[in-house]
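Breakdown of the fold
Residues per chain, in single letters:
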Amino acid sequence: MHISGVQVVLPDHRYTQAEITEAFSRLTNCDEELLRRFHRATGVEGRNLALTLPDYAKLDSFARANDAYVENALDLGEQALRGALRKADIRPEQVDHLLFCSTTGVATPSLDARLAQRVGLRPDVKRVPVFGLGCAAGAAGLSRLHDYLRGWPAHVAVLVCVELCSLTIQRDDTSIANLVASGLFGDGAAAAVGTGHGAGPEVVATRSMLYPDTEHLMGWEVGDHGFRIVLDADLSDFVEQVLAGDIKAFLADYGLTPDQVATWICHPGGPKVIEKIVQTLGLPARALDVTWRSLREHGNLSSISVLHVLQETRGRPGAPAVLLALGPGFSAELLLLHW
């Protein structure tokens, strides 16, 4: 598979981290100085949000938050899909397969059904909506497009991810996990076009890792007010324990070592996780500069982030690259690319 077009779209409402900290403190009655310390530690300087800051006070139920999710997700998803198709020089009616990933809202019919009609995809397009992959979904989605195109190399397959993390805000939750999340996660949408014989970086191989008995590290608890974040403090330590070995084993199967990889496209899960990846793999100091910049400028966009890093990355022609993301499960998704 060749990744022939990637388009990330962010909401129009842009705020500095300080503005978000102040607004969230008022909304939750949380001590602003305490919140400021948690938000500062994320390394995020600003984020784009689905709504204006005053509008979040109106989200007094899961139903209202989810209504806002459906409306905004469709608009952002449409913009992302149209943009990716333009970049790939593909017409909507040429799309054979649509994979839609999101973990921050729910809808039936799933949003991909509405999105297909908005954009003008064929009535016989094959649709697969996926919920629950979280931050790993951008990488996992690319892998599943690759799987599909191995069987149907003449087809066109597209991935659309939409995550509106801010709409999952829990105003009555003052846990450390929620305070960290309120300073880390942002909103956005992304689309990628996969073709069997097109332009763009080629997916050479993929690998999925699912780690037993790690459900407590990351995910949602669903309550009266929707999705409550689960984010364990041991997450970065677990990444340090297992991820480097699994990445090295993956590369070794294709005759490579980490020092032979020219480009690293990593999901910006947070400062500690990024630092652990660099340290355990022994990467050069600037190997994840694009990942750091994405985190600083936009926060963690869940499944969108790794696609944003991919969009902003210029790989070295003829050299291998690795794309990776981590998500609930606990899980890891690895792709070996060739530019």
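Residues numbered from 1 in each chain as written. Predicted model: local features only at pLDDT ≥ 70, side-chain atom pairs only at ≥ 80, totals over all residues. Heavy atoms only, no water.

1. What about the side chain of Thr42?
To be explicit about the condition: Counting from the N terminus, the helices are DSSP H or I runs at least four residues long and the strands are E runs at least two residues long. The classification of residues rests on relative accessible area computed with a 1.4 Å probe and restricted to protein chains. Under 20% of the type maximum is buried, over 50% is exposed, and intermediate values are partly exposed. Any pair of N or O atoms that falls within 3.5 Å is considered a polar contact. Within protein, one atom must be able to donate a hydrogen and the other to accept it, and sequence-neighbouring residues count only if both atoms are side-chain atoms.
Inspection of the secondary structure puts Thr42 in the loop between helix H2 (32–41) and strand S3 (46–49). Relative accessible area serves as the criterion here: at 4%, Thr42 is assigned to the buried category. Among the polar contacts listed, one links the side chain of Thr42 to the side chain of Gln17, at a separation of 3.3 Å. There is a polar contact of 3.3 Å between the side chain of Thr42 and the backbone nitrogen of Val44.

2. As for the pairing of strand S1 (residues 2–9)
Put simply, the test is: Note on pairing: DSSP must find at least two bridges between two strands before they are called paired.
With 8 of its 8 residues buried, S1 lies for the most part within the structure. Across 7 bridges, S1 lies against strand S7 (residues 187–195) in antiparallel orientation. By the bridge assignment for S7, His2 is matched with Thr195.

3. A few points about the environment of Thr280
Topologically, Thr280 is positioned in helix H8 (residues 271–281). Each C-alpha atom, one on Thr280 and one on Val242, is 9.6 Å from the other, the two residues being 38 residues apart in sequence. A distance of 2.7 Å separates the side chain of Thr280 from the backbone oxygen of Lys276, its partner in a polar contact.

4. Side note on helix H1 (residues 17–28)
Basically, it comes down to this: Multiplying 1.5 Å by the residue count of a helix minus one yields the expected span of that helix. Note on contacts: a residue pair is in contact if any heavy atoms of the two residues lie within 4.5 Å.
The end-to-end C-alpha distance of H1, which contains 12 residues, comes to 16 Å, matching closely the 16 Å that a straight helix rising 1.5 Å per residue would cover. Listed in full, the buried residues belonging to H1 are Gln17, Ile20, Thr21, Ala23, Phe24, Ser25, Leu27 and Thr28. In this fold, the buried residues of H1 make contact with strand S2 (13–16), H2, S3 and helix H6 (176–184). Asn29 sits one or two residues past H1 and shows a positive phi near 60°.

5. Remarks on the domain arrangement of the protein
Note the cut-off: In this document the domain limits rely on a domain assignment from an automatic tool or a database. By convention, the term buried area covers the 1.4 Å-probe accessible surface removed from two parts as they join, with the contributions of both added. Following the grouping adopted for this structure description, the nonpolar residues are Ala, Val, Leu, Ile, Met, Phe, Trp, Tyr, Cys and Pro, the charged ones are Asp, Glu, Lys and Arg, and the polar ones are all others, Gly among them.
Examined at the domain level, the protein breaks down into domain 1 (2–195) and domain 2 (202–338). The straight-line distance from the C-alpha centre of domain 1 to that of domain 2 is 18 Å. Taken together, the contacts link 58 residues of domain 1 with 42 residues of domain 2. Where domain 1 abuts domain 2, roughly 3800 Å² becomes buried across the two surfaces, and 66% of that area is made up of carbon and sulfur atoms. Taken together, the links from domain 1 to domain 2 amount to 10 residue pairs in polar contact (both at pLDDT 80 or more). For the side of domain 1 that touches domain 2, the element with the most residues is helix H5 (residues 137–151), which contributes 8 residues. Across the side of domain 1 that touches domain 2, the residue classes break down as 27 nonpolar, 21 polar and 10 charged.

6. Remarks on the packing of helix H9 (residues 289–298) against helix H10 (residues 303–312)
The condition is simple: For helices, the axis comes from a line fit to the C-alpha atoms of the stretch in contact; other axes are also lines fit to C-alpha atoms, and the angle between any two N-to-C directions lies between 0 and 180 degrees. In these notes the angle categories are as follows: under 35 degrees is roughly parallel, over 145 is roughly antiparallel, 65 to 115 is roughly perpendicular, and the rest is oblique. Note: crossing handedness is left-handed where the near helix turns anticlockwise from the far helix by less than a right angle, and right-handed where it turns clockwise.
H10 packs onto H9 with a crossing angle of 120° between their chain directions and a minimal axis gap of 9 Å. On the basis of the axis angle, H9 is oblique to H10. Here H9 runs over H10; the crossing is right-handed. Taking contact as the criterion, the partners of Val290, Thr291, Ser294 and His298 in H9 are, on H10, His308, Val309 and Glu312. Class assignment of the residues belonging to the contact of H9 with H10 gives a composition of 2 nonpolar, 4 polar and 1 charged.

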